[in-house]
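# Geometric and topological summary
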Amino acid sequence: MGLHFHRNPDGTTTGRNEANGFMVTHRDEEEVKRQLYEDAGWTYTPPPPPVPRGFHRFPLVHEEFETAGFGDERYAQVRRQPPKGCVPVDRGCFALECERPGRTLMDAVAGTVAEIRREHGLVMTSLGVEKPDEWLGSDRDGPAARTVAHLLLTAAHRARVLGYGRKDLVRLLDATGIA
């Protein structure tokens, strides 16, 4: 079964359930989604309310090649005392759902990763992006920025596993000419 969504030039959104042909058009994209989910017999969960100005919502995940699981003893302290604005969640591995302050999403992620490393000795390795090759817009603090942060955390973790250090990664970033 496939649900498809299309933004129309007039600002409305059209959704279609391929299984039965049900189609709905509405100005509110979430209402289209709700009706399609209902038609498909799926549970619809509305998006959370927007975060306050100067805050960012993101997951932080500790993924390793060896599976440790949420209940692993290494996570006991951070489960008991997560950073302010973060809640531990089980994603088949240890993760935190965070709403944290920052000038940008990258600032909020960097500050949270540094705090977790400093306070708990744990380096978070991902933002849980499943398909990082999909760029979803140009919003500096939106999904595309989340993908960039995810790729950087994943690259840092994997580089460490392979024996590369900070200087190696910085040299590579410098070689790209990024300002």
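One can find the structure itself at the top, above this paragraph.
For clarity, every value in this text was computed on a predicted model and none was experimentally measured. Per chain, residues are indexed from 1 in the order of the written sequence. Only residues with pLDDT of at least 70 get local features here, since the model is predicted, and only at 80 or more are side-chain atom pairs given and counted; chain-wide, interface and lining totals rely on the full set of residues. To get the side-chain values, take all heavy atoms of the structure and skip hydrogens and water.

A helix here means a DSSP run of H or I that spans at least four residues, while a strand means a run of E at least two residues long, and both kinds are numbered starting from the N terminus. From N to C terminus, the protein includes 5 helices and 6 strands. For the protein, the spread of C-alpha atoms along the three principal axes comes to 55 × 40 × 35 Å. Here the protein holds 179 residues, and 31% of them are scored as buried. Partitioning the contacts of the protein with sequence separation of at least 6, the portion at a separation of at least 24 is 47%. Here the Shrake-Rupley method, with its probe set to 1.4 Å, supplies the accessible areas, and only the displayed protein chains count as covering residues. Accessible surface for the protein amounts to roughly 11700 Å². Of this, 53% is attributable to carbon and sulfur atoms. Note that His is not counted, nor are the chain ends; the positive residues are Lys and Arg, and the negative ones are Asp and Glu. All charge positions are set by atom: Lys at NZ, Arg at CZ, Asp at CG, Glu at CD. For the protein, the separation between the mean place of its 24 positive charges and that of its 26 negative charges on side chains is 7 Å. For the exposure calls, accessible area comes from a 1.4 Å probe over protein chains only, and a residue counts as buried if that area is under 20% of its type's maximum, exposed if over 50%, partly exposed in between. Working rule for contacts: check all heavy atoms of both residues, and any pair within 4.5 Å makes them a contact.

With that out of the way, let us pick up the state of the cysteines. When the sulfur atoms of two cysteines come within 2.5 Å, that pair is taken as a disulfide. This structure, assessed with the given rule, holds 1 disulfide. One disulfide bridge connects C86 with C98, the sulfur atoms lying 2.2 Å from each other. Around the S-S axis, the bridge from C86 to C98 shows a dihedral of about 115° and counts as right-handed. Of the two residues, C86 sits in strand β5 (residues 86–90) while C98 sits in strand β6 (residues 94–101), which places them 12 residues apart along the sequence. For the pair formed by C86 and C98, the shared burial category is buried. As a non-bridged cysteine, C93 has C98 as the owner of its nearest cysteine sulfur, 13 Å distant.

Moving on, we get to the pairing of strand β4 (residues 55–62). The side chains of a regular strand alternate, first on one face of the sheet and then on the other. Taken across its 8 residues, β4 has 6 buried, putting it largely inside the fold. Here, a strand pair is defined by DSSP locating no fewer than two bridges between the strands. With 8 bridges connecting them, β4 and β6 associate as antiparallel partners. Residue F58 lies in a different strand from β6, and its bridge partner there is C98.

Any Phe, Tyr or Trp ring, taking Trp's six-membered ring, that has another such ring centre within 6.5 Å forms a pair; planes under 30 degrees apart are called stacked, those over 60 apart edge-to-face, and the others tilted. All told, the structure shown has 4 aromatic pairs when counted by the stated rule. An angle of 20° between the planes, with centres 5.7 Å apart, marks the rings of F70 and F94 as stacked. Residue F70 is located in the loop between β4 and α2 (76–80), and its partner F94 is located in strand β6; the two are separated by 24 residues in the primary sequence. Among the aromatic residues, ring-to-ring pairing joins Y37, W42 and Y44 into one connected group. Each ring is checked for a lysine NZ or an arginine CZ that lies within 6 Å of its centre and within 35 degrees of its normal; such an atom marks a charge sitting over the ring. The residue whose ring lies beneath R79 is F70, and the NZ or CZ to ring-centre distance is 5.6 Å.

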